[in-house]
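What follows is each chain in one-letter form.
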Amino acid sequence: MKIKQTAGRQHHAGPLTYVLLGLAALVSLFPLYWNLVAASHTGERVVEAPAPLLPGPHLLDNLTFAWNQVDMGEALVNTTVVAGLVAASTVLFSTLAGFAFAKLPFRGRNVLLALVVATMTIPPQLSVIPLYRIITDLGWVDQLQSVVLPSLVAAFGVFFMRQYLLEALPVELVEAARVDGAHSLRVIWHVVFPVARPAMAVLGMLVFVQAWNDFFWPFIALTPDGNPTLQVALAGLGSGNHTINQAIVLTGALISTVPLLLVFALLGKHIVGGITSGAVKS
Amino acid sequence: MASDTTTTTGAPAAPPPPPAPAGAPRSAWRGRRHRWGVRWGPYAHIAPFFVLFAAFGIFPLLYTGWASLHRVELTAPTDMEWVGLRNYARLLDDEFFWNALRNTVTIGLLSTVPQLLMALGIAHLLHGRLRGSTFFRVVALTPYATSVAAATLVFVLLFGRDFGLVNWVLGLLGAGPVDWQNGRWTSQFAVSTIVIWRWTGYNALIYLAALQAIPDELYEAAALDGASRWQQFRHVTVPSLRPTILFTCVVSTIGATQLFGEPLLFNGSAGATGGSDHQFQTLGLYLYEQGWVNLHLGRASAIAWAMLLILLLAGAAVALVRAWRRRTR
């Protein structure tokens, strides 16, 4: 498909296109670059006019200090565990449900699918209050399960996998497996998963990024000084009662951002390919 | 590709389960088990999702509605005193609620409209033969990988009044230093900038996907009819993108309604007030202040349901306008 398109209407991009895209790239990257700059100066220098534009010599000092100040190491491990579990479970259950919605006929299918789509619009604020009560009742404040359990499934994921499997999975393949006497689990394992793999990878990345960066509920369920994820620890650094050292705050921001940026640098091509292949749009 | 979609979604609401496939099962017992599986198997596939979803999605939603009819304090969440609709009546008289609602709408417009327009422009630029197109696409997506907390903490400093780089650049251009934190419009502009920065590239890629799906024949036919590039954009590109534009508008609107982390952290150590004069306090932030600072969980629940009702009203309004426009056309 792609080959045909590039052969058709598309013309070579002019210099103006490169200038504009270059500007957009600059705007996208500058705050991240400046994060690094600020994390490599002293706290006093960062808030001195004019702010520094080039990296300074204090990056290592700041890293050591921030790492010890709020236990960024623990936060990093916590965030990895939470985002990994949430991504794995969302992908698994979304693929199962998405497959059923896309390819299996059953009573009430369209109604249930409409329900899934409708629930994508519910603000998370609506569930925070009862969830908070549940975790206080169970004594789960500052425990990781309080942020993992509510995020194990996502309506968006079901819709996403359903849209993909609708087009990617030939129904004959499923029926052939059935005729061979394969029961459901074997059909899932040997037919659905192999076909769904590219979309599962994209969904997994999207959910992982989302869970890694999730803020509202973790900020309520966990505390910066207890057992935080990176975002919660970061909020603690940024709004602490002690005098704020902005260089340390931004060093924390750097620590929380770099792992995902590394993943993007390595896998960005595939993620972008997944999104632009149309899997995300409605 | 497309034909499969139409046949599947166009199927009747609940087709009866098809007879067991023709490959005759080896025994009656197996046949029965097989039919049972065809009939109930689908529910087993969706059950894990719906069970977890009911527990952590539907139940809390309903419970929040129930709590909004009570007086409940955060310190004793089991002591619930029935107050009927008083929490809602109170909201109507609450100037901070209306302030937060106004701010949510203006910040929502300030962040969503430029964001989607720029995303459309960038998608247009990315669509075409381009050297380094993968590089530009990955770069466009990097802000999305940055968390709300990290991005906001960086932007707070960039927007600093006395030392921030934004004012430094303005100074080079001869414009006076702007107090980004304390002005109503300036602070809302700054908060919106964070949202725009994080989401423009992501939306651009979604638009790009839709652009790539438009068949060339449409453009060729338009060109044969003598349509200019602008007319092609107006009459081919925009109509083809309409479903995608609607999708991104809906998603952005929902996101704008829930805005929380940016205004919270833009306020530095001053907490959930959304600025000294509440000038950028959003509904999400006000809900948090009522529930977790002032400890009034009942009132916070009422704000949460008010948010849902506002979204539903907005959705109904859009649907009405669309129906009306279709009729008058």
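Procedures and definitions
- Residues numbered from 1 in each chain as written.
- Chains lettered and ligands numbered in written order.
- Predicted model: local features only at pLDDT ≥ 70, side-chain atom pairs only at ≥ 80, totals over all residues.
- UniProt positions renumbered as here; feature names shortened; annotations may be inferred.
- Helix = DSSP H or I, 4+ residues; strand = E, 2+ residues; numbered from the N terminus.
- Buried ≥ 20, exposed ≤ 12 C-beta atoms within 10 Å, placed from the backbone.
- Contact = placed C-beta atoms within 7 Å.
- pLDDT = per-residue confidence, 0-100.
- Core = buried A, V, L, I, M, F, W, Y, C linked by C-beta atoms within 7 Å.
- Domains from an automatic or database assignment.
- Arc of directions from axis to C-beta.
- Nonpolar A, V, L, I, M, F, W, Y, C, P; charged D, E, K, R; others polar.
- Axes fitted to C-alpha atoms, helices over the stretch in contact; angles between N-to-C directions.
- Parallel < 35°, antiparallel > 145°, perpendicular 65-115°, else oblique.
- Left-handed = near helix turned anticlockwise from the far one by under 90°.
- Pairing = 2+ DSSP bridges.

Chain A appears in an unreviewed UniProt entry as Carbohydrate ABC transporter permease from Streptomyces lavendulocolor. Of chain A, the UniProt comment under Sequence similarities (unreviewed entry) reads exactly: "Belongs to the binding-protein-dependent transport system permease family." Listed in UniProt under the heading Subcellular location (unreviewed entry), the comment for chain A reads: "Cell membrane".

Chemist: Hey, could you run me through the overall build of chain B in this one?
Modeler: The helix and strand tally for chain B stands at 13 helices and two strands. Looking at chain B as a whole, 39% of its 329 residues qualify as buried. Considering only contacts in chain B between residues 6 or more positions apart, those separated by 24 or more positions represent 65%.

Chemist: Which parts of the structure should I look at to understand the overall build of chain A?
Modeler: The number of helices and strands found in chain A is 14 helices and zero strands. Along the longest, intermediate and shortest principal axes, the C-alpha atoms of chain A span 70 × 65 × 30 Å. Counting all 282 residues of chain A, 48% fall into the buried class. Across chain A, every contact between residues at least 6 apart in sequence was considered, and the portion connecting residues at least 24 apart equals 74%.

Chemist: Before we go on, may I ask you to explain the confidence of the model for chain B in this structure?
Modeler: A low pLDDT score tells you not to read the predicted coordinates there in detail. Residues and elements named next belong to chain B. In the predicted model, chain B carries a mean pLDDT of 85, and the fraction of residues at 70 or more is 88%. Throughout residues 1-25 the model reports pLDDT below 50, and contacts reaching past four residues in sequence, or to other chains, amount to 26 contacts. Interface predicted TM-score (ipTM) for the complex: 0.85; the corresponding pTM is 0.85.

Chemist: Would you mind going over the UniProt feature "transmembrane region" (unreviewed entry) in chain A with me for this structure?
Modeler: Residues and elements named next belong to chain A. UniProt feature "transmembrane region" (unreviewed entry): in the numbering of this structure it lies at residues 12-34, 75-99, 111-135, 147-166, 187-209 and 247-267. In residues 111-135, the share of helix is 80% and the share of strand is 0%. The end C-alpha atoms are 32 Å apart. With 100% helix and 0% strand, residues 247-267 has its two end C-alpha atoms placed 30 Å apart.

Chemist: What should I look at first to understand the nonpolar core in this one?
Modeler: Soluble globular proteins tend to pack their nonpolar side chains together in the buried interior. Counting 160 residues, the largest nonpolar core has Leu141, Leu153, Leu205 and Tyr207 of chain B as its most contacted members. Sort the elements by how many residues they give to this core and helix H8 (residues 184-212) of chain B lands first, with 16 residues. Taken domain by domain, this core gets at least three of its residues from each of domain 1 (37-86) and domain 2 (95-328) of chain B. In this structure, Leu205 of chain B is in contact with Val272, Ile275 and Thr276 of chain A together with Arg137, Ala140 and Leu141 of chain B, ignoring residues within four places of it in sequence.

Chemist: Please explain helix H6 (residues 109-119) of chain A as it appears in this structure.
Modeler: The periodicity of an α-helix, 3.6 residues per turn, causes residues three or four places apart in sequence to face the same way. Residue and element names in this part refer to chain A. Residues of H6 that are buried include every one of Leu112, Leu113 and Val116, and no others. Taken down its axis, H6 places every buried residue within 100° of arc, on the same side. Exposed residues on H6 whose side chains face more than 90 degrees from its buried face are Val111, Ala114 and Ala118.

Chemist: Teacher, can you tell me more about the environment of Ala209 of chain B here?
Modeler: Residues and elements named next belong to chain B. Its place among the elements puts Ala209 in helix H8. By C-beta crowding, Ala209 is classed as buried, having 20 other C-beta atoms within 10 Å. Through-space distance from the C-alpha of Ala209 to that of Thr244 is 9.4 Å; in sequence the pair is 35 residues apart.

Chemist: How do you make sense of the domain arrangement of chain B when you look at a structure like this?
Modeler: Bring the parts together and some accessible area is lost; that lost area is often taken as the interface size. All names here are of chain B. Once the domains are mapped, chain B shows domain 1 (37-86) and domain 2 (95-328). If you look at the interface, domain 1 gives 11 residues, while domain 2 gives 10 residues. Elements with a minimum of two residues in the side of domain 1 that touches domain 2: helix H2 (28-67) and strand S1 (70-73). With four residues, S1 is the single largest residue contributor to the side of domain 1 that touches domain 2. Looking at the side of domain 1 that touches domain 2 residue by residue, the class counts come to four nonpolar, five polar and two charged.

Chemist: Would you mind showing me how to read the interface of chain A and chain B here?
Modeler: Each partner contributes residues to the interface: chain A has 96 residues there, and chain B has 96 residues. Sorting elements by how many residues they give to the side of chain A that touches chain B places helix H14 (residues 246-279) of chain A first, with 17 residues. Looking at the side of chain A that touches chain B residue by residue, the class counts come to 55 nonpolar, 31 polar and 10 charged.

Chemist: What am I meant to see in the environment of Phe56 of chain B here?
Modeler: Turning to its location among the elements, Phe56 of chain B is positioned in helix H2. The spacing of Phe56 of chain B and Thr328 of chain B is 272 residues in sequence and 43 Å in space, taken between C-alpha atoms. For Phe56 of chain B, the residues in contact, after removing those within four places along its chain, are Ser127, Leu149 and Pro150 of chain A.

Chemist: Sorry if this is basic, but what is going on with the environment of Asp162 of chain B here?
Modeler: Residue and element names in this part refer to chain B. When you line up the elements, Asp162 lands in the loop between helix H6 (148-158) and helix H7 (165-172). You can call Asp162 exposed: it has 12 C-beta atoms within 10 Å. Taking the C-alpha atoms as reference points, Asp162 and Asp179, 17 residues apart in sequence, are found 8.6 Å from one another.

Chemist: Sorry, what's going on with the packing of helix H9 (residues 155-168) of chain A against helix H11 (residues 184-213) of chain A here?
Modeler: All names here are of chain A. Relative to each other, H9 and H11 sit at 160°, their axes nearing to 10 Å. One way to sum up the angle between H9 and H11 is to call them roughly antiparallel. In the crossing of H9 with H11, the sense of the turn from one axis to the other is right-handed. Counted together, Gly157, Phe160, Met161, Tyr164, Leu165 and Ala168 of H9 and Val195, Ala196, Ala199, Leu203 and Val207 of H11 form the full contact between these two elements.

Chemist: Help me out: how do you make sense of unusual backbone geometry in this one?
Modeler: Most of the time, phi is negative for any residue but glycine, and the peptide bond is trans. The residue after Ala49 of chain A, namely Pro50 of chain A, is reached through a cis peptide bond having omega -15°. Along the chain, Pro50 of chain A turns up in the loop between helix H3 (43-46) and helix H4 (59-69).

Chemist: Just to check I follow, could you spell out the pairing of strand S2 (residues 76-82) of chain B for this structure?
Modeler: Note on strand geometry: in a regular strand, side chains alternate between the two faces of the sheet. All names here are of chain B. Of all seven residues that make up S2, zero are buried, and the element is exposed over most of its length. Of the pairings in the sheet, the one linking S1 to S2 comprises three bridges and is antiparallel in character. Counterpart to His70 in the pairing with S2 is Trp82. Between S1 and S2, which pair antiparallel in sequence order, lie two residues.

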